[in-house]
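Spelled out from the first residue to the last, the chains are:
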Amino acid sequence: TTPALPGGRARITVARAVGPGEQGGDDRAAGLQALGHTGDMSSSLTTIGIALANVACSVSLVLVNKAVFSLGFNFPMSLTCLHFAFTVAFYRVLAGCGFFEMRPIPQTEAFKIAGFGVGSIGFMNISLHLNSVGFYQITKLAVVPCTLFAQAFLYNTHASRRVKLSLLILLLGLAVATVSDVQLNAPGFVLGMLAVLTTTVFQIWQGSKQKELEVSAVQLQAAVSFWQAVQSLAAAVALENLCVRLPPPLGPETPTECRTALTFVASQRPSGSHVVLLVLLTCLIALGTNFSSFCLIGRTSAITFQVVGHAKTCLVLAGGYLLWPPQDTSQLLDNVLGVSVAMLGCILYGHIKMAEANARHDICDAFCPASLLGFVSDAARYEAIPSKPLGSTKEKPVGSLTASDAKVALRRGPTGGSEPPDPGLVEAGELEERAK
């Protein structure tokens, strides 16, 4: 152990001794390294599979929901309530069959997580109803910078400059492709900001609460789905199953016929059972979407989940341009350019995150000139500790490391290569905690 630096920052001291039996230790270290790389590869493939499943489920849910709405069932909160109710029943059956163990969590925590989840869906839908599509897209893009700020302010977790650069490229591309007319009013602006706030908090909690409460993604979703069903039911009854005349701009300027989800279901004849089948299909797809979302955020982060969602938007837009080209060629050029830039940002983000996780050089190191490399690199980067004789030390303050830099430090070890540092030489496990 070594004394702390001024200001309470801890030191990391690594000493490397050369002695008898080192070759055997190197062999063991090499074997552990090979096992670690195999585990990392398997984990990466699993994460990629979950991300692809999330994209497939999300796109399918949008298409099937659109089909349900086109058949006259224009009640999104009622449909959301059915999704959560189906999720509750499904997980109860799985737990009863012994496929997983239900882990109770404090009801106050479950209620809070469910409240922000339902609020995110509800406020986004109302914002789209009150504002233009352009402002709705801006609120979706604003979730990424808000999440970065919240993670830095609440959890002291900072993204590297290169990650922020890739996110900036992604958001600029999507803004060019999707934001055209921006029209809003005071109630719509307030509800749009509430949508951004609730979405940010809910997505951060999807990952942090799994670690804080020591539960899996399935256990957390099973625990909060009941309260999500109850809260969405209350919202559906208030907004879509009561005939309440709201003043403009919340309601129509001229009185219209009161249509509720209950009257729609009551008016259906046996020949219209295909609507019910489509609703059940949306429940199955929504279950897959929610499950993959919890798993993806738990394995990665809320920012990665947002990037996957924006990549899905780019794929949907690109497919729309190919299948149904717009008549305005000038707008088509802007859309194609914006989607291309956004996809470049998505690919760059994934490449940089993989490089940081594996302590490797990225494309910025290979192609950026020295003047730009200093700009896109963080001020405090972990440098490899050179091999020194017995008794020599190299000190690096833990407090100056970002989470990604701490992971790099753990992987590089005292020789700057693949040899891991001796855990006993890292004071109080602070480097591991910083990496987490």
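This text follows the structure it describes.
What comes next concerns the included structure.

About the cut-offs
- Residues numbered from 1 in each chain as written.
- Predicted model: local features only at pLDDT ≥ 70, side-chain atom pairs only at ≥ 80, totals over all residues.
- Heavy atoms only, no water.
- Helix = DSSP H or I, 4+ residues; strand = E, 2+ residues; numbered from the N terminus.
- Buried < 20%, exposed > 50% of the residue type's maximum accessible area, 1.4 Å probe, protein only.
- Contact = heavy atoms within 4.5 Å.
- Core = buried A, V, L, I, M, F, W, Y, C linked by side-chain atoms within 4.5 Å.
- Expected span 1.5 Å × (residues − 1).
- Phe/Tyr/Trp six-rings, centres within 6.5 Å; stacked < 30°, edge-to-face > 60°.
- Lys NZ or Arg CZ within 6 Å of the ring centre and 35° of its normal.
- Patch = residues over 30% accessible without salt bridge, like charges linked within 9 Å, V, L, I, M, F, W, Y side chains within 5 Å.
- Areas by Shrake-Rupley, 256 points an atom, 1.4 Å probe, with all protein chains shown as cover.
- Salt bridge = Lys/Arg side-chain N within 4 Å of Asp/Glu carboxyl O.
- Polar contact = N/O pair within 3.5 Å; in protein donor to acceptor, adjacent residues only side chain to side chain.

With that settled, the discussion passes to the overall build of the protein chain. Looking only at helices and strands, one finds 16 helices and zero strands in the protein chain. Evaluated residue by residue, the protein chain yields a buried proportion of 39% over its 436 residues. Contacts spanning at least 24 positions in sequence make up 81% of the contacts within the protein chain whose residues lie at least 6 apart.

In this section: the nonpolar core. Membership of the largest hydrophobic core comes to 21 residues, with the highest contact counts inside it found for I105, I113, L220, V224, F294 and L296. Elements supplying a minimum of two residues to this core: helix 1 (22-70), helix 3 (107-130), helix 7 (186-212), helix 8 (217-240), helix 10 (273-299) and helix 11 (302-323). If we ignore the near neighbours within four places in the chain, the residues touching F294 are F202, Q206, Q210, A217, L220, Q221 and V224. Counting 19 residues, the second largest nonpolar core, distinct from the first, contains L167, L174, I303 and Y349.

For the rest of this paragraph, the subject is the side chain of Q231. Residue position: Q231 is located in helix 8. On the accessibility criterion, Q231 (15% relative accessible area) is buried. Setting aside residues up to four positions removed in sequence, Q231 forms contacts with F111, A114, G115 and V118.

Here the focus is helix 2 (residues 76-96). With 21 residues, helix 2 ought to run about 30 Å at 1.5 Å a step, and its terminal C-alpha atoms sit 30 Å apart, in line with that. Turning to helix 2, its buried residues number three or more, namely M77, S78, L79, T80, C81, H83, F84, T87, V88 and Y91.

Attention now goes to unusual backbone geometry. Glycine aside, a negative phi is what most residues show, and trans is what most peptide bonds show. With a phi angle near 55 degrees, N156 is a residue other than glycine that sits in the positive phi range. Its place among the elements puts N156 in the loop between helix 5 (143-155) and helix 6 (161-178). Classification of N156 by relative accessible area gives partly exposed; the value is 44%. Here E214, not a glycine, exhibits a phi torsion of approximately 55 degrees, which is positive. Its location among the elements puts E214 in the loop between helix 7 and helix 8. Accessibility expressed as a relative area gives 61% for E214, which makes it exposed.

We now examine the packing of aromatic side chains. Tallied over the entire structure, the rule returns nine aromatic pairs. Between Y91 and F100, the aromatic rings sit 5.8 Å apart at their centres with planes inclined by 85 degrees, giving edge-to-face as the arrangement. Grouping residues by exposure puts Y91 and F100 together as buried. Plain terms: the ring middles of F111 and W227 are 5.2 Å apart, the flat faces sit at 80 degrees to each other, and that makes the pair edge-to-face. Here F111, found in helix 3, pairs with W227, found in helix 8; they are 116 residues apart in sequence, far enough to count as distant. Judged by relative accessible area, F111 falls into the partly exposed class, the value being 41%. Counting every residue linked through ring pairs, the aromatic cluster contains F86, F90, Y91 and F100. The ring of W205 carries K209 above its face, with NZ or CZ at 5.0 Å from the centroid.

This next bit is on a nonpolar patch on the surface. Nonpolar side chains collect at one region of the surface, where F189, V190, M193, L194 and L197 lie side by side and expose about 420 Å² of accessible area between them. Given a relative accessible area of 37%, M193 falls into the partly exposed group.

Let us now look at the side chain of Q210. Within the fold, Q210 resides in helix 7. Residue classification places Q210 among the buried positions, given a relative accessible area of 10%. A distance of 2.8 Å separates a polar atom in the side chain of Q210 from the backbone oxygen of Q206. Within the structure, Q210 has its side chain in polar contact with the backbone oxygen of F294 (distance 3.0 Å).

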